Amino acid sequence: REELSLFVPWLFKEIEAVAPKALATLGNVPLKALTDGKATVGDCHGQWLSSRAGVPLFALYHPASIIYRRALAPVYEQDVLKLARALRDGGVPEKS
């Protein structure tokens, strides 16, 4: 919690400076930092969400999770392909 309280304000300043069209989170910690804190990657992976930064957010499992749960490999691959298609084809939701 302490790390997040120190890190999140800096993260929001970076997002503002870069002005990305979309964000992708890898795992629960960044997902919770950029949302209301209640979302979990297990519930939200492969979906577009609203972020507290006002930038569309795409939730992904952390790649290291595949090492511990091999069954996630095809899920992760499909999510990454979905994100790639959205970025390529203009399927990123509008900023909120």
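Above this text you will find the structure in question.
The following paragraphs examine the structure supplied in this document. (Residues numbered from 1 in each chain as written. Predicted model: local features only at pLDDT ≥ 70, side-chain atom pairs only at ≥ 80, totals over all residues. Heavy atoms only, no water.)

Locating S51 in the fold gives a position in the loop between β2 (48–49) and β3 (57–60). Its relative accessible area of 8% is what places S51 among the buried residues. A polar contact of 2.6 Å, which involves the side chain of S51, links it to the backbone oxygen of V55. (Helix = DSSP H or I, 4+ residues; strand = E, 2+ residues; numbered from the N terminus. Buried < 20%, exposed > 50% of the residue type's maximum accessible area, 1.4 Å probe, protein only. Polar contact = N/O pair within 3.5 Å; in protein donor to acceptor, adjacent residues only side chain to side chain.)

Tallying each qualifying case throughout the model produces 2 aromatic pairs. Ring centres of F7 and W10 lie 5.9 Å apart, and the angle between their planes is 45°; this geometry places the pair in the tilted category. Residue F7 and its partner W10 are both found in helix α1 (residues 2–18); the two are separated by 3 residues, about one turn of the helix. For W10, a relative accessible area of 49% puts it in the partly exposed group. Each ring, one from W48 and one from F58, has its centre 5.1 Å from the other, and the planes form 65°; the classification is edge-to-face. Of this pair, W48 sits in strand β2 while F58 sits in strand β3, and the two are 10 residues apart along the sequence. On the basis of relative accessible area, W48 is assigned to the partly exposed category, the value being 22%. Here F58 falls in the buried class, since its relative accessible area comes to 0%. (Phe/Tyr/Trp six-rings, centres within 6.5 Å; stacked < 30°, edge-to-face > 60°.)

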